[in-house]
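Examining the three-dimensional arrangement
One-letter residues, chain by chain:
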Amino acid sequence: MLRELVDRWVRPEIRALNAYHVPDARGYIKLDAMENPYPWPPELVEQWLTALRSVSLNRYPDPASSRLKTRLRTTMGVPDAMGLLLGNGSDELIQMIAMAVAGPGRSILVPEPAFAMYRIIATLVGMDYVGVPLDTTFDIDVDAMAAALQAHKPALVFLAHPNNPTGNQFSIERIERVIEMAPGLVVVDEAYAAFARHSFMDALGRYDNLLVLRTVSKMGLAGLRLGLLAGPACWLDEFDKVRLPYNINVLTQASAEFALTHREVLDGQTARIREDRERLFKALGDLPGVQPFPSDANFVLFRVPAGRAAAVFEGLKSHGVLIKNLSVSGGALADCLRVTVGAPEENQAFLAALNEVLRACC
Ligand SMILES: *Cc1c(COP(=O)(O)O)cnc(C)c1O
């Protein structure tokens with residue numbers, strides 16, 4: 001009875017989904033989710049707690065997050081002429097954009113392999129999703145994109161730059177071609193900007209259909225849930241109507257403002273992660289049968305001998321190291337796993353475990 005009632009009223013495409021699965025990481029060296037591994041120095045924690053004392057939990061947050069926005073403009077280098085919209089993580093902004101443009105026959109187009117939320121959110125808002133394969137170097141295939149843009153006329157194109165899960169930045173000229181060819185919006189998702197060589201933030205305003213998405217998650221504040229969308233106010237004013245009031249809570253507003261005024265701490269951590277990424281990349285390449293892919297982010301995608309990804313993943317887990325097995329998605333990601341750059345001792349533990357697991361299984 002209950003089951004029938006649920007099946008009758010919940011949309012079939014929602015029933016067909018699986019809830020976003022986050023593995024239980026307790027007890028593991030956690031290198032699966034692109035988190036910054038470093039805590040703050042104790043005196044900074046004390047200052048932060050002091051700042052939180054003046055937060056009024058009984059009052060609604062500033063609906064416009066004005067002070068935080070001012071701070072974010074500086075930290076993220078948002079051009080003065082551009083608007084800014086905040087989300088409860090950049091995931092919420094992806095959802096807000098999609099909700100604003102969704103409609104019968106409308107689609108989201110994404111080069112693949114891609115960040116999973118683009119497809120999930122397309123499904124949630126009832127849009128078609130079109131994946132266009134990247135080329136063999138994980139760069140944009142311009143001809144394939146041109147054909148798909150022509151065929152589907154997507155309302156939205158998402159380009160993650162650097163891309164997750166491949167780790168690389170697409171070539172700038174190819175992204176520009178896509179922006180020029182796209183009939184609708186192109187959102188350049190710069191979640192990994194802190195680890196990257198290039199950004200489209202300065203290109204805002206040069207194209208009517210370009211928006212840039214950022215988050216504080218990967219730079220060390222994943223627990224706060226704060227993302228930002230920058231671009232022409234004309235677009236953002238519309239998306240702001242989709243935003244639920246007070247989507248950025250008082251603790252997030254106060255904490256993010258505090259953290260970003262001490263940005264040098266986060267910058268020091270991300271610089272360290274970039275250096276360690278290079279060490280990790282080299283060490284992975286030295287392991288027999290392992291092919292790491294160059295990364296501009298805080299993780300490294302790597303391929304293991306054919307058919308061995310699941311065994312490597314489970315073997316690492318039994319050594320207490322949790323990473324991400326992407327081989328299950330098949331295609332270009334067959335035999336591939338993704339490891340987040342951790343603290344030096346975590347990376348060492350991962351490499352030592354991987355070495356042993358490869359000997360045993362491959
Ligand atoms: C992690 C990630 C996000 C989501 O970031 P949140 O701000 O934590 O929601 C968005 N885009 C890409 C490509 C990511 O990898």
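Above this text you will find the structure in question.
What this report covers is the structure whose coordinates are included nearby. (Residues numbered from 1 in each chain as written. Predicted model: local features only at pLDDT ≥ 70, side-chain atom pairs only at ≥ 80, totals over all residues. Heavy atoms only, no water.)

With that settled, the discussion passes to the overall build of the protein chain. The secondary structure content of the protein chain amounts to 14 helices and 13 strands. A compact globule built from 362 residues should have a C-alpha radius of gyration of about 21 Å, and the protein chain, at 21 Å, falls within 12% of that. With respect to the principal axes defined by its C-alpha atoms, the protein chain has extents near 55 × 55 × 55 Å. Taken across its 362 residues, the protein chain has 50% of its residues classed as buried. (Helix = DSSP H or I, 4+ residues; strand = E, 2+ residues; numbered from the N terminus. Rg over C-alpha atoms; globule rule 2.2 N^0.38 Å. Buried < 20%, exposed > 50% of the residue type's maximum accessible area, 1.4 Å probe, protein only.)

What follows is about helix α7 (residues 142–152). Within the sequence span of α7, burial applies to Val 142, Met 145, Ala 148 and Leu 149. With its buried residues spanning 130° around the axis, α7 presents them on a single face. Within α7, the exposed residues directed more than 90 degrees away from the buried face are Asp 143, Gln 150 and Ala 151. Taken together, the buried residues of α7 touch β3 (107–112), β4 (128–133), β5 (156–160) and α8 (172–181). Capping the start of α7, Asp 141 holds a side-chain oxygen 3.3 Å from the backbone nitrogen of Asp 143, two or three residues further along. A positive backbone phi angle near 40° is found at Lys 153, which sits one or two residues after α7. (Arc of directions from axis to C-beta. Contact = heavy atoms within 4.5 Å. Polar contact = N/O pair within 3.5 Å; in protein donor to acceptor, adjacent residues only side chain to side chain.)

Throughout the structure, instances matching the rule amount to 20 salt bridges. For Arg 15, the salt bridge is made with Asp 7, and the minimal N-O distance between the two is 3.7 Å. Here Arg 11 and Glu 13 are joined by a salt bridge, their closest N and O atoms 2.9 Å apart. Members of the salt-bridge network, linked through shared partners, are Arg 3, Asp 7 and Arg 15. (Salt bridge = Lys/Arg side-chain N within 4 Å of Asp/Glu carboxyl O.)

A few words now on the environment of Ala 19. By the secondary structure assignment, Ala 19 is in the loop between α2 (12–15) and β1 (29–30). Taking the C-alpha atoms as reference, Ala 19 lies 33 Å from Phe 281; in sequence the two are 262 residues apart.

We now examine the site of the ligand. Asp 189, Tyr 192, Thr 215, Ser 217 and Lys 218 are the nearest of the 14 residues found near the ligand. The side chain of Asn 164 places a nitrogen or oxygen atom 2.9 Å from an oxygen atom of the ligand. Tyr 192 is positioned with one of its side-chain polar atoms (N or O) 2.6 Å from an oxygen atom of the ligand. Notes on the ligand: free accessible area 390 Å², of which the protein chains cover 94%. Counting only elements with at least two residues in the shell around the ligand, the list comes to α5 (90–101) and α9 (217–221). Taken together, the residues that form the shell around the ligand break down as five nonpolar, five polar and four charged. (Near = heavy atom within 4 Å. Areas by Shrake-Rupley, 256 points an atom, 1.4 Å probe, with all protein chains shown as cover. Nonpolar A, V, L, I, M, F, W, Y, C, P; charged D, E, K, R; others polar.)

Of all hydrophobic cores here, the largest spans 54 residues; its most connected members are Leu 72, Ile 140, Val 157 and Leu 159. In contact with Leu 72, other than residues within four places in its own chain, are Gly 77, Val 78, Leu 84, Leu 86, Val 216, Leu 226, Leu 228 and Leu 260. Ranked by size, the runner-up nonpolar core spans 32 residues in total, among them Ala 191, Tyr 192, Val 304 and Ala 353. (Core = buried A, V, L, I, M, F, W, Y, C linked by side-chain atoms within 4.5 Å.)

Note the cis peptide between His 161 and Pro 162, where omega equals 5°. For the peptide bond that leads from Asn 164 to Pro 165, omega is 15°, which places it in the cis range. In this structure, Pro 165 sits in the loop between β5 and α8. Residue Phe 138 is not a glycine yet carries a positive backbone phi of 65°. As for its position among the elements, Phe 138 is in the loop between β4 and α7. Of the residues examined, Phe 138 reaches a relative accessible area of 6% and is grouped as buried. Even without a glycine there, the phi angle at Asp 335 is positive, about 65°.

What follows is about the packing of helix α11 (residues 250–261) against helix α12 (residues 263–286). Running from amino to carboxyl end, α11 crosses α12 at an angle of 70°, the nearest separation of the two axes being 4 Å. Between α11 and α12, the crossing angle belongs to the class labelled roughly perpendicular. Contacts between α11 and α12 involve Ala 259, Leu 260 and Thr 261 from the first element and Arg 263, Glu 264 and Leu 266 from the second. Taken together, the residues that form the contact of α11 with α12 break down as three nonpolar, one polar and two charged. (Axes fitted to C-alpha atoms, helices over the stretch in contact; angles between N-to-C directions. Parallel < 35°, antiparallel > 145°, perpendicular 65-115°, else oblique.)

Within the secondary structure layout, Leu 316 lies in helix α13 (residues 309–318). When the C-alpha atoms of Leu 316 and Val 130 are compared, they prove to be 34 Å apart, with 186 residues separating the residues in sequence. Setting aside residues no more than four positions away along its own chain, Leu 316 makes contact with Val 321, Ile 323, Phe 350, Ala 353, Leu 354 and Val 357.

For Asp 32, the position within the fold is in the loop between β1 and α3 (42–53). Through-space distance from the C-alpha of Asp 32 to that of Glu 46 is 29 Å; in sequence the pair is 14 residues apart. One polar contact links Asp 32 to Lys 30, side chain to side chain, over a distance of 2.9 Å.

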